[in-house]
Amino acid sequence: MDHVDGILAQWNRERPDLDVTPMGLFGRMKRLSQHLGREMEKTFAEHGLNSASFDVLATLRRSGPPYRLSPGDLLATMMITSGTLTNRIDQLEKTGLVERTHNPEDRRSFIISLTERGFATIEAAVTAHVATQAQLSSILSADENAALNALLGKYLAGFEGSR
């Protein structure tokens, strides 16, 4: 029994006319997201990062050599506002993890690149992040993880389609 079971029992007692089954699904997803987020933030903090800075560095790292993107490409990949991205880049630049350089193809724009320090930081952080995720998912068996991943993928595709 988990915390959500108690909530559902209360609603079933107070409003037996309602089918609160979906409330259980969404309540559990919300609580899991909070638990998982806290654990991942701890991992990021061990590397001087938070989820926002990790997101930028990881996006640059997974883009492949030479680990640089235009702000527009970062925005398209990360799905955040331009003001939010500018703030994140400013903070990462102050800490020496990224650098802005003029775009050689368009001097009016910039390219955001990982610095050597930024590359080393994201390499260590993503290794730790994957280990944290493996530990967090170890509560379930390999088959249960696969089944849950398939169901969540199907559910998410219902919202995002083939985007």
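That block above? That's the structure.
Residues numbered from 1 in each chain as written. Predicted model: local features only at pLDDT ≥ 70, side-chain atom pairs only at ≥ 80, totals over all residues. Heavy atoms only, no water.

Chemist: Can you break down the overall build of the protein chain residue by residue, with the values?
Modeler: Secondary structure summary: the protein chain contains seven helices and three strands in total. Across the protein chain, helices and strands are ordered from the amino to the carboxyl terminus as α-α-α-β-α-α-β-β-α-α. In terms of overall dimensions, the protein chain is more spread out than a globule: its C-alpha atoms have a radius of gyration of 20 Å, far above the 15 Å expected for 163 residues. Residues classed as buried in the protein chain amount to 25% of the 163 residues present. By sequence separation, contacts in the protein chain at least 24 residues apart represent 45% of the contacts at least 6 residues apart. For the protein chain, the exposed area adds up to about 11000 Å²; of that, 57% sits on carbon and sulfur atoms. Side-chain charges in the protein chain split into 18 positive and 20 negative, and the spacing between the mean points of these groups amounts to 4 Å. (Helix = DSSP H or I, 4+ residues; strand = E, 2+ residues; numbered from the N terminus. Rg over C-alpha atoms; globule rule 2.2 N^0.38 Å. Buried < 20%, exposed > 50% of the residue type's maximum accessible area, 1.4 Å probe, protein only. Contact = heavy atoms within 4.5 Å. Areas by Shrake-Rupley, 256 points an atom, 1.4 Å probe, with all protein chains shown as cover. Lys, Arg positive; Asp, Glu negative; His and termini not counted. Charge placed at Lys NZ, Arg CZ, Asp CG, Glu CD.)

Chemist: Describe the pattern of salt bridges, listing the residues and the values that go with them.
Modeler: Applying the stated criterion to the full structure yields nine salt bridges. A salt bridge links Lys42 to Glu39, with the nearest nitrogen and oxygen atoms 3.1 Å apart. With Lys42 and Glu39 both in helix H2 (residues 21-45) and three residues apart, the pair spans about one turn of that helix. A relative accessible area of 48% places Lys42 in the partly exposed class. Overall, Glu39 belongs to the partly exposed group, its relative accessible area being 29%. Here Arg100 makes a salt bridge to Asp90, at a shortest N to O gap of 2.6 Å. Of this pair, Arg100 sits in strand S2 (residues 98-103) while Asp90 sits in helix H5 (residues 82-94), and the two are ten residues apart along the sequence. Assessed through its relative accessible area of 26%, Arg100 is described here as partly exposed. (Salt bridge = Lys/Arg side-chain N within 4 Å of Asp/Glu carboxyl O.)

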